[in-house]
Amino acid sequence: MAIKKAARCAVIVAAAMFASAAFAQKEIRGTGATFPSIIYSTWAIGYAKEKGVAVKYASTGSGEGIRGISAREVDFGATDISLSELELQKAGLIQFPTVAGGIVPVVNLPGTSAKSLKLTGAVLADIFSGKIKAWNDAKIAALNDGVKLPTLKITRVVREDSSGTTEAFTTYLAISSADWVGNVGPKVTWGDNAVAVKGNDAIAESVKSTSGAISYVSFDRVAKFGLNAIALRNKAGKFVSASESTITAAVRGSSLRTDLRASLIDVSAADAWPLVGATYILIVASPKAASDASRILKFFYWAFLKGDDIVRGTGFAPLPPEVQARVVRLLGDVKSQDRLPIDYTSDAQHQIILAMC
């Protein structure tokens, strides 16, 4: 009997090893936010190198990320737009933050050096509402004593697609100015004379090629495209420039530790960059098979264990350790429909083999 059992176990192990080898080649697919695309692409390279599993991420915008995972067309969706608990329940999804990044107003202003221009949220709101039409406007000049401002028309470059970056940016404008006349959301109406393009990269290219342009991009694109970023006055009354340290200050000054949906916009920390947003991942709460859940959860578990070192230098800030710990616990809420155990912290296939033998 012992020999027969051992033989049967050997067959099971061999079959499982074969299945595991085939499974290892199955890529993980995601789509969504352009804001954090460098993070997910960099994590994908590290994961493939260490684990031999391909992760492919398509930078399509937050709206498409939500649609794609809701339609079960991808393994995960990425969004800068935090969904409500009701929206998550309706779509059968779980949401968690991954990193935080800054959104930075950038300009193409001949005769001004990088970081020499200062604006407040209220003046920025007047610019993007179309009230301020020229760069030598008195409100801009009052904040920039000694800066020679050109007599040049302001060209607003904005996002055409549904964008979490736009939602965060317009939220900041509405918070900063009681006179903000525009709407707030991932896709807004900017009025006449705004140049609309799709994605952070297209925004950056359009600003570079348009004299007098102003727009908003993720902080990592500033260095990548050699853009001229402006300084903003934060809630503490201090003019600050976007950097990894000022973005981190905003995260630490927020209530993200107790609320995974907490806003990072215009927090009161002394050195905080005022325009910061967390970016989120959406995954299916109850996938059809344990293997589907396991391969996806293992990637993000690995990212929270090892991803911080990869994040540094990208222009994004990692989440505080206690926030990451909350996210890892949240991953345990994923349950498969076939009720097979989901082990994303070790070799799940090995555990199943032992149980069968």
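To be clear, the structure that these remarks concern was listed above.
The numbering scheme is per chain: residues are counted from 1 as the chain's sequence reads. Selection of residues for local features in this predicted model requires a pLDDT of at least 70, selection of side-chain atom pairs for listing and counting requires 80 or more, and totals for whole chains, interfaces and linings are taken over all residues. Each side-chain value is worked out from all heavy atoms of the structure, with water and hydrogens disregarded.

(A) Representation of the pattern of salt bridges in the model. We count a salt bridge whenever a side-chain nitrogen from Lys or Arg sits within 4 Å of a carboxyl oxygen from Asp or Glu. If you walk through the whole model with that rule in mind, you get 16 salt bridges. In this structure, the salt-bridge partner of K56 is E27, at a minimum N-O distance of 3.4 Å. Taken together, the residues K56 in strand β2 (residues 55–59) and E27 in the loop between α1 (2–24) and β1 (28–32) connect sequence positions 29 residues apart. For R261, the salt bridge is made with E85, and the minimal N-O distance between the two is 3.2 Å. Of the two residues, R261 is situated in the loop between α10 (244–252) and β12 (276–284) and E85 in helix α4 (residues 85–91); the sequence distance between them amounts to 176 residues. A cluster of three or more residues bridged by salt bridges with shared partners is formed by K26, D75, D292 and R295. Strands are runs of DSSP state E lasting at least 2 residues, helices are runs of H or I lasting at least 4, and numbering of each runs from the N terminus.

(B) Representation of the side chain of T31 in the model. One can find T31 in strand β1. In contact with T31, other than residues within four places in its own chain, are Y57, A58, T60, E64, G65, V74, F76, G77 and A78. We call two residues in contact whenever any of their non-hydrogen atoms come within 4.5 Å of each other.

(C) Expanded view of the pairing of strand β4 (residues 93–107). Relative accessibility decides the category of a residue: with a 1.4 Å probe and only protein chains considered, values under 20% of the type maximum give buried, values over 50% give exposed, and everything between is partly exposed. Here β4 lies mainly inside the structure; 15 of its 15 residues are buried. Should DSSP find at least two bridges between two strands, the strands are taken to pair. Direction of pairing for β4 relative to β12: antiparallel, over a ladder of nine bridges. What sits directly across from V99, in β12, is T279. Taken together, the three bridges between β4 and strand β13 (residues 316–318) define a ladder with antiparallel strand orientation.

(D) Fine view of unusual backbone geometry. The backbone phi angle of R72 is positive, close to 60°, even though this residue is not glycine. Relative to the helices and strands, R72 resides in the loop between α3 (62–70) and β3 (76–79).

(E) Representation of the pairing of β1 within the structure. The buried count for β1 comes to four of five residues, which makes it a mostly enclosed element. Pairing geometry for β1 and β2, over five bridges, is parallel. Its bridge partner lying in β2, G30 is registered against Y57. Note on handedness: a crossover is taken as right-handed if, strands pointing away from the viewer, the path from the first strand over the helix to the second is clockwise. In this fold, β1 hands off to helix α2 (residues 37–51), which returns the chain to β2; that crossover is right-handed.

(F) Structural context of the sheet that holds strand β5 (residues 118–119). Spatial strand order, β5-β10-β11: three strands in an open sheet with mixed pairing. The two strands at the open ends of the sheet, each matched to only one other strand, are β5 and β11 (239–240). In this sheet, β11 lies alongside strand β10 (residues 231–233) in antiparallel orientation, the contact comprising two bridges. Looking at β11, one finds that R233 is bridged to F239.

(G) Layout of helix α12 (residues 321–331). Among the residues making up α12, those that are buried are V323, Q324, V327 and L331. For α12, the angular spread of buried residues about the axis comes to 100°, placing them on one side. Exposed residues lying more than 90 degrees from the buried face of α12 are P321 and R329. Where the residues of α12 are buried, they touch β4, β12, α11 (290–311) and β13. When we speak of the arc, we mean the arc of directions from the helix axis to the C-beta atoms.

(H) Seen up close, the packing of helix α5 (residues 121–128) against helix α7 (residues 164–176). Here the axes come from fitting lines to C-alpha atoms, over the contacting stretch only for helices, and the angles between their N-to-C directions go from 0 to 180 degrees. Contact geometry for α5 and α7: axes closest at 8 Å, N-to-C directions at 115°. Along this stretch, α5 crosses α7, giving a crossing that reads as left-handed. Residues G121, A122, L124, A125 and F128 of α5 pack against F169, Y172, L173 and S176 of α7. Residues are sorted three ways: Asp, Glu, Lys and Arg are charged, Ala, Val, Leu, Ile, Met, Phe, Trp, Tyr, Cys and Pro are nonpolar, and all the rest, Gly among them, are polar. Residue composition of the contact of α5 with α7, by class: seven nonpolar, two polar and no charged. Here a crossing is called left-handed whenever its near helix is offset anticlockwise from the far helix by less than a right angle, and right-handed whenever the offset is clockwise.

Read these as layout, nothing more, since geometry by itself doesn't imply function.
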